[in-house]
Amino acid sequence: DGRLTFYPGNQTVDLPFINFMKRYGTVFLNAYTNSPICCPSRAAMWSGLFTHLTESWNNFKGLDPDYVTWMDLMEKHGYHTQKYGKLDYTSGHHSVSNRVEAWTRDVDFLLRQEGRPMVNLTGDKRHVRVTEADWRNTDKAVNWIKEEAINLTQPFVLYLGLNLPHPYPSPYAGENFGSSTFLTSPYWLEKVTYEAIKIPKWSSLSEMHPVDYYSSYTKNCTGEFTKQEVRNIRAFYYAMCAETDAMLGKIISSLRDTGLLKKTVVIFTADHGELAMEHRQFYKMSMYEGSSHVPLLVMGPGVKEQQQVPNVVSLVDIYPTMLDIARIPVPHNLSGYSLIPLLCGKAENQVSPRGPRPSWVLSEFHGCNVNSSTYMLRTGKWKYVTYSDGRSVLPQLFDLTADPDELTNVAIKFPVIVHSLDKILRSIVNYPKVSSSVQEYNKRQFISWKQSLGQNYSNVIANLRWHQDWLKEPKKYENAINKWL
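What this report covers is the structure whose coordinates are included nearby. Every value quoted in this text rests on a predicted model; they were computed, and no experiment measured them.

Concerning the overall build of the protein chain
Alright, step 1. For the protein chain, the count of helices and strands is 17 helices and 14 strands.
Alright, step 2. For 485 residues, the compact-globule estimate of 2.2 N^0.38 gives 23 Å, and the protein chain sits close to it at 22 Å.
Alright, step 3. For the protein chain, the spread of C-alpha atoms along the three principal axes comes to 65 × 55 × 50 Å.
Alright, step 4. Within the protein chain, residue pairs in contact and separated by at least 24 positions form 74% of the contacts whose partners lie at least 6 positions apart.
Alright, step 5. Accessible surface for the protein chain amounts to roughly 20600 Å². Of this, 51% is attributable to carbon and sulfur atoms.
Alright, step 6. In the protein chain, the 52 positive side-chain charges and the 47 negative ones have mean positions that sit 2 Å from each other.

Printed below as a string of structure tokens:
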């Protein structure tokens, strides 16, 4: 959650290396994901293109494996490149359940698809390495810096992808269930200031926007939660962020120890945030700030120190920025704009040949846990969220200055603003057309999957992640699918 990198979010948890990056570099106050879920978000970051252009509709439909990323271009131009950890931009490692849930989101049924969010404390106050796999990848990156990077005669680019602070699978709910367990150790939990944790306000279920209600239901969050449960989920999430920060610290320290820090640009960001029980949801897949607002911090040669940039930026800006750093000509077809002018503290009129950076960012979502394609335009104090064809589902408009918690949809109150934001959005993307092609794609994929199962179909579909709800009335749900088909 990007808001943890600046005030007031940063009061809740100690993040010493994020703070180090702020002291010696630039923090972006309004950085967004272009799609709030792993694979589509990463596809946008590695390609510099919006999601409707990559057609990365869900967590296993990303870029072609041979797609030319910014790292490929840097390699072609003489950079030594190295990747460790989670990449997930051609396809995420996700279950059949994930797929079927995304394809069937237009079916008229409500089924819980996730385990109920919960916390799990492991080990004792000496237990530092909770996420073993992430620590192993961090160690690999550190060793590479100390043993390889230091001896290179050419410039290098190193990528380290962490899974943290992602929740863990919930074994209690059966192997098919998603990741709903927030896991940490007492060592990290001590870094969290419980008194500073804000308990989010919730609308009543009957007042919720219909898409929010669907998301809350499928994420298993419509039941009763005590304040203590909510506070714990948030605290454990922050503790997981503290562990992530420590891994960032290992990278920064190894660059410092090898004398490379002064001549290396370091970028810290995320593919999406985590709602951690805001708006009666956990996970991502939402345009609310907790899910769509990402951290973006940069430090290194030429980057202004102790700078906070208020401009809206997004992950598609990484591609042109990386090429700019390497002095490689930037292709004109990209959705993003180089961050270099902002990082160097230059006025916006000293801009790229493509003209000035737009005053808006776009995010869109087409995957599971949300029963409609969603489009978000953020500009100035406004966040405009519209769904599907723009007519069948009511849009949302939030004034983030007056209502930072996004509790009051003012779309009906400001029709002129809605109209003008919708006009900008349609000039960027023909969103009713995109929504309808996603619907066609979902149906096509589902039909070919169903055919591939033959006689086995009824049994397989009944035992996916929604099995606890499905098995109560299997015929009813199969009929709903047939009606949709």
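Considerations on the sheet that holds strand β13 (residues 382-387)
Alright, step 1. Across the sheet, which stays open at both edges, the four strands sit in the order β11-β12-β13-β14 with antiparallel pairing between neighbours. Edge strands, defined here as strands with exactly one partner in the open sheet, are β11 (360-365) and β14 (396-399). When strand polarity is set aside, the average angle formed by the axes of neighbouring strands in this sheet is 15 degrees.
Alright, step 2. As paired elements, β11 and strand β12 (residues 374-379) share six bridges and run antiparallel to each other. Residue pairing for β12: F365 is matched across the bridge by T374.
Alright, step 3. Against the sheet, helix α13 (residues 415-428) contacts β11, β12, β13 and β14, and its axis sits at roughly 65 degrees relative to β13.

Topic: helix α17 (residues 474-484)
Alright, step 1. Taken together, the buried positions of α17 are Y477, E478, A480, I481 and W484. Projected down its long axis, α17 shows its buried positions confined to an angular sector of 155 degrees, all on one face. Facing away from the buried side of α17, by more than 90 degrees, are the exposed residues K475 and K483.
Alright, step 2. Buried residues along α17 sit in contact with α5 (96-103), α14 (431-453), α15 (457-462) and α16 (467-470).

Let's talk about the sheet that holds strand β5 (residues 168-169)
Alright, step 1. Pairing is mixed in the open sheet, where three strands are placed in the order β3-β6-β5. Strand pairing shows two members of the sheet lacking a second neighbour, β3 (118-121) and β5, which therefore form its edges.
Alright, step 2. Pairing between β3 and strand β6 (residues 179-184): four bridges, direction parallel. Residue pairing across strands places N120 opposite L183, the latter belonging to β6.
Alright, step 3. Its contacts with the sheet place helix α9 (residues 227-257) against β3, β5 and β6, and it is angled at close to 65 degrees to β6.

Re the state of the cysteines
Alright, step 1. In the structure shown here, the tally under the stated rule is zero disulfides.
Alright, step 2. Residue C221 stays outside any disulfide, its sulfur separated by 14 Å from that of C368, the closest cysteine.
Alright, step 3. The exposure class assigned to C221 is buried, which follows from its relative accessible area of 0%.
Alright, step 4. Of the cysteine sulfurs around C241, a residue in no disulfide, the closest is that of C38, at 15 Å.
Alright, step 5. Classification of C241 as buried rests on a relative accessible area of 10%.

Calculation rules
Residues numbered from 1 in each chain as written. Predicted model: local features only at pLDDT ≥ 70, side-chain atom pairs only at ≥ 80, totals over all residues. Heavy atoms only, no water. Helix = DSSP H or I, 4+ residues; strand = E, 2+ residues; numbered from the N terminus. Rg over C-alpha atoms; globule rule 2.2 N^0.38 Å. Contact = heavy atoms within 4.5 Å. Areas by Shrake-Rupley, 256 points an atom, 1.4 Å probe, with all protein chains shown as cover. Lys, Arg positive; Asp, Glu negative; His and termini not counted. Charge placed at Lys NZ, Arg CZ, Asp CG, Glu CD. Pairing = 2+ DSSP bridges. Axes fitted to C-alpha atoms, helices over the stretch in contact; angles between N-to-C directions. Buried < 20%, exposed > 50% of the residue type's maximum accessible area, 1.4 Å probe, protein only. Arc of directions from axis to C-beta. Disulfide = S-S within 2.5 Å.

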